[in-house]
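Listed below are the residues making up each chain.
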Amino acid sequence: MIPAPRNVQRRAGRGKGTAVLTLSIIKADTGGWVGHSSVHPAMVEVAERAVAGVRGSLLIDADVQYCGDDLALVMTHEHGLEAEAVHSFAWDVFLQTTAVARDLGLYGAGQDLLSDAFSGNLRGMGPGYAELELEERPSEPVLCFFADKTEPGAWNMPLYKMFADPFNTAGLVIDPKMHSGFLFEVHDLFEDQRIVFDCPAELYHLLLYIGAPARYVVKRVFSKTLGEIGAVTSTQRLALMAGRYVGKDDPVMIVRAQSGLPAVGEVLEPFAFPYTVAGCMRGSHHAPFMPVPRAMAHPTRFDGPPRVVCLGYQLKDGMFGTPRDMFDDPSFDRARQTANEVMDYLRRHGPFEPHRLSLDEMEYTTMPAAQEELASRWEKGTEGLPAVVSGAK
Ligand code: F6R
Ligand code: MG
Ligand code: MG
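Residues numbered from 1 in each chain as written. Chains lettered and ligands numbered in written order. Predicted model: local features only at pLDDT ≥ 70, side-chain atom pairs only at ≥ 80, totals over all residues. Heavy atoms only, no water.

Novice: Explain the coordination of the magnesium ion (ligand 3) to me, please; I cannot follow it from the model alone.
Specialist: Reference values for angles at a metal are 109.5 degrees in the four-donor tetrahedral case and 90 or 180 degrees in the six-donor octahedral case. Of the protein atoms, only Asp 69 (OD), Asp 70 (OD), Asp 148 (OD) and Asp 250 (OD) coordinate the magnesium ion (ligand 3), at distances of 2.0 to 2.1 Å. All donor residues of the magnesium ion (ligand 3) come from one chain, and their arrangement in sequence is D-D-x77-D-x101-D. A gap of 4.6 Å separates the magnesium ion (ligand 3) and the magnesium ion (ligand 2), which Asp 69 links by coordinating each metal. Here Asp 148 lies in strand β5 (residues 140-148) and Asp 69 lies in the loop between β2 (61-67) and β3 (70-77), a separation of 79 residues in the sequence. A relative accessible area of 2% means that Asp 69 is categorised as buried. (Donors = N, O, S within 2.8 Å, 3.2 Å for Na, K, Ca; no water. Helix = DSSP H or I, 4+ residues; strand = E, 2+ residues; numbered from the N terminus. Buried < 20%, exposed > 50% of the residue type's maximum accessible area, 1.4 Å probe, protein only.)

Okay, here's the thing in structure tokens:
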């Protein structure tokens, strides 16, 4: 039996006066400028105006960010997880940015809004979200990651490295507060089920699952020593929700850093290796995950390579202060260069695997529709000449 992390216990017994802060990132693709490459400044402006109207009332603070064609609202508030007021506010902002996208003729206006009407919270409605509750530490460094042209399992490898790999995180070896390890909550995106692995004891079991990131994704990581949540990801898969290919899920992730959690540099270190993720052109290709500063977060070549942006916030009384653009650092130049080399290599495979995703993953793209056209052309059996050649048909 794994004890419930302390911040979860605190929430269960939350009474008036307990300063539990909720940090929510809610994101959606509501239209691309140009194609699927970026968000139009007019959409960002509308979102900024909307958050300015509720800063200090519904929300403590908010910041508007984007990566590729995905717009994200980064918010602090006291309404808890999946709060109707906060989710309906975000939904309303996305309706407004969709209207701007329609007015300007931007591409795929309202792409991720799968429902006509808001009901309760955003679960199953298209927008992705990652939320956590915390009691702000005297200093609370938080790293928020935003991705474009990939899927939620893209966070599996870096989360493993940050919280379980001593070759990445020196603190796992030399910080006594990290020695007892971390709990990994893993969700099965194909079945409504989850499992928690107690690491390092169950590292191999963890890897058995999260090495298959199209299906198993790390949802949350908890520190056993601190009883605190260390990380949370967005885990929705648009195609599974919509029943057809809509676009990639373009996930977000929140990681708290320092003082018994991985240091900022340990959280960022996994991205120095541009590992391969699924997504890129038509959500159908393996391609390197490129860490970039905000100014480079506009995938253009072959709708890729997939991008990741990280903004660092130093929370103070729930306020974000000025965000730091964490991959705006020459020490990630080599990762970007390697990503370009890997992209060249993979592109030369054209429509062949392993650049193109395997058949079972292609089921969640537009490929089944293309195969439908050829369904009647398949002939049973493989002996002799095909009927169209022998003239039997
Ligand atoms: C990937 C993505 C794009 C589109 C591609 C084709 O997540 O959104 O790569 O799949 O640009 O878009 P459509 O089919 O809208 O022309
Ligand atoms: Mg798009
Ligand atoms: Mg996108």
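Novice: Explain the pairing of strand β6 (residues 182-188) here, please?
Specialist: Within a regular strand, the side chains alternate between the two sheet faces. Most of β6 sits out of view: seven of its seven residues are buried. In this sheet, strand β7 (residues 193-199) lies alongside β6 in antiparallel orientation, the contact comprising seven bridges. Within the sheet, the bridge partner assigned to Phe 184 lies in β7 and is Phe 197. Judged from the seven bridges that link them, β6 and strand β8 (residues 216-223) form a sheet pairing that is antiparallel. (Pairing = 2+ DSSP bridges.)

Novice: Is there a simple way to explain the pattern of salt bridges in this structure?
Specialist: For the structure shown, the criterion picks out 18 salt bridges. Close ionic contact of Arg 137 with Glu 140 constitutes a salt bridge, the shortest N to O distance being 2.8 Å. The exposure class of Glu 140 is buried, given its relative accessible area of 0%. Through salt bridges with shared partners, a single network forms among Arg 137, Glu 140, Glu 228 and Arg 256. (Salt bridge = Lys/Arg side-chain N within 4 Å of Asp/Glu carboxyl O.)

Novice: Got a minute to help me understand the site of ligand 1 in this structure?
Specialist: Neighbouring ligand 1 are the residues His 36, Tyr 107, Lys 149, Tyr 245, Lys 248, Cys 280, Met 281, Arg 282, Gly 283 and Asp 303. In this structure, Tyr 245 approaches ligand 1 through a side-chain N or O atom, which is 3.3 Å from an oxygen atom. The separation between an oxygen atom of ligand 1 and a polar side-chain atom of Asp 303 is 2.5 Å. Contact with the protein chains hides 74% of the accessible area of ligand 1, taken as 410 Å² for the molecule alone. (Near = heavy atom within 4 Å. Polar contact = N/O pair within 3.5 Å; in protein donor to acceptor, adjacent residues only side chain to side chain. Areas by Shrake-Rupley, 256 points an atom, 1.4 Å probe, with all protein chains shown as cover.)

Novice: Teacher, can you tell me more about a nonpolar patch on the surface here?
Specialist: On the surface, a cluster of nonpolar side chains totalling about 340 Å² of accessible area is made up of Leu 385, Val 388 and Val 389. Position of Val 389 relative to the elements: it lies in helix α12 (residues 387-390). (Patch = residues over 30% accessible without salt bridge, like charges linked within 9 Å, V, L, I, M, F, W, Y side chains within 5 Å.)

Novice: Looking at this structure, how should I read the coordination of the magnesium ion (ligand 2)?
Specialist: The magnesium ion (ligand 2) binds to the protein through Asp 29 (OD), His 36 (ND1), Asp 69 (OD) and Gln 111 (OE1); the donor distances cover 1.9 to 2.7 Å. All donor residues of the magnesium ion (ligand 2) come from one chain, and their arrangement in sequence is D-x6-H-x32-D-x41-Q.

Novice: Please clarify how the sheet that holds strand β4 (residues 128-134) should be interpreted in this entry.
Specialist: Strand order in this open sheet of four strands is β2-β3-β1-β4, and the pairing throughout is antiparallel. Lying at the two open borders of the sheet, with one neighbouring strand each, are β2 and β4. Here the average twist between neighbouring strands, direction ignored, is 15 degrees. As paired strands, strand β1 (residues 21-28) and β4 are joined by seven bridges and run antiparallel to one another. Bridge assignment links Ile 25 to a residue of β4, and that residue is Ala 130. Each of β2 and β3 is contacted by helix α2 (residues 41-54), which is oriented at about 165 degrees to β2, the strand it contacts most. (Axes fitted to C-alpha atoms, helices over the stretch in contact; angles between N-to-C directions. Contact = heavy atoms within 4.5 Å.)

So yeah, pure geometry; function would need other evidence.
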